[in-house]
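# Architecture at a glance
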Amino acid sequence: MRLVRPIGILLALGLTTSVATLAHATYYHHQQSLYQRLGGKPAISAVVNDFVGNVARDHRINRFFANTDINRLKRLLVQQICAGSGGPCQYEGRSMREAHRGLGVRNQDFDALVEDLVRSLDKFNVPSREQQELLGLLGPMRRDVVQSRGYSSND
Ligand code: HEM
């Protein structure tokens, strides 16, 4: 009888801790921003570096970047992804429509670039949920990046 009370208290404490841990894992985890779940600025920088390397080696699209300042592009891509995923950054570049005006980027070029990005996301083991969220942020930019000449509503 003497032992029952302390054991009961210990069990209750253990149970409370388990419930709190479970609540933390299921609830708090979903509170994290995409930025946090991606791994913050260091992880985003690593992915962007690798991704721009893929693009530079991708003969389908690398001609577009022949005259581009690659370090500036990397910096702006990191800012853009950081800001768009809820991180503490401000994007200082041009609008997507302005930056890609007159380049003649087609849908197939856009698809190639996304493929190069996904290769980097896979390489750094970004889980599919986070990959999908990131692509969900970038996908709608297609209409501003792909600008068909002579089609007045989007050129
Ligand atoms: C969602 C897809 C894309 C995103 C988020 C994106 C993002 C960016 C950003 C942030 C910049 C820098 C803006 C600035 O200079 O102020 C930029 C520039 C540029 N982008 Fe994209 N881009 C995308 C798709 C593409 C595609 C598909 C191509 C071509 C295949 C492309 C080619 C370029 C080039 C050549 C520049 C540099 C333009 C210049 O130096 O004047 N982009 N892009």
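Preceding this section is the structure that the text describes.
These notes cover the structure that comes with them. (Residues numbered from 1 in each chain as written. Predicted model: local features only at pLDDT ≥ 70, side-chain atom pairs only at ≥ 80, totals over all residues. Heavy atoms only, no water.)

## Section: the coordination of the iron atom of the ligand
There is one protein donor for the iron atom of the ligand, and it is H100 (NE2), at 2.1 Å. Relative to the assigned elements, H100 resides in the loop between helix 5 (96-99) and helix 6 (107-123). (Donors = N, O, S within 2.8 Å, 3.2 Å for Na, K, Ca; no water. Helix = DSSP H or I, 4+ residues; strand = E, 2+ residues; numbered from the N terminus.)

## Observations regarding the site of the ligand
Contacts to the ligand come from 23 residues, most closely from F64, F65, R72, R94 and H100. R72 has a polar side-chain atom sitting 2.8 Å from an oxygen atom of the ligand. R94 places a polar main-chain atom, nitrogen or oxygen, 2.8 Å from an oxygen atom of the ligand. Elements with a contribution of two residues or more to the shell around the ligand: helix 4 (70-84), helix 5 and helix 6. For the shell around the ligand, the leading source of residues is helix 4, giving five residues. (Near = heavy atom within 4 Å. Polar contact = N/O pair within 3.5 Å; in protein donor to acceptor, adjacent residues only side chain to side chain.)

## Description of the state of the cysteines
In this structure the tally under the stated criterion is one disulfide. Note on cysteine connectivity: C82 is disulfide-linked to C89, with sulfurs 1.9 Å apart. Here C82 and C89 share a disulfide; its torsion about the S-S bond, 75°, makes the bridge right-handed. For C82, a relative accessible area of 0% translates into the label buried. (Disulfide = S-S within 2.5 Å. Buried < 20%, exposed > 50% of the residue type's maximum accessible area, 1.4 Å probe, protein only.)

## Concerning the pattern of salt bridges
A side chain with one charge can pair with a side chain of the opposite charge if their charged atoms come near. Applying the stated criterion across every chain yields a total of twelve salt bridges. Residue R37 is joined to E130 by a salt bridge in which the shortest nitrogen-to-oxygen separation is 2.8 Å. Here R37, found in helix 2 (residues 34-38), pairs with E130, found in helix 7 (residues 128-138); they are 93 residues apart in sequence, far enough to count as distant. What makes R37 buried here is its relative accessible area of 17%. Put simply, E115 and R60 hold a salt bridge, and the shortest N to O gap is 3.3 Å. Here the residue E115 occupies a position in helix 6, and R60 occupies one in the loop between helix 3 (40-57) and helix 4, the gap between them amounting to 55 residues. Exposure remark for E115: the relative accessible area of 42% places this residue in the partly exposed category. Taken together, the salt bridges that share partners define one network made up of D58, R60, E115, D116 and R119. (Salt bridge = Lys/Arg side-chain N within 4 Å of Asp/Glu carboxyl O.)

## A few points about the environment of A83
With respect to the secondary-structure elements, A83 resides in helix 4. Judged by relative accessible area, A83 falls into the partly exposed class, the value being 30%. Residues A83 and Y35, spaced 48 residues apart in sequence, show a C-alpha to C-alpha distance of 8.3 Å. With near-sequence residues (within four places) excluded, A83 lies in contact with C89 and Y91. (Contact = heavy atoms within 4.5 Å.)

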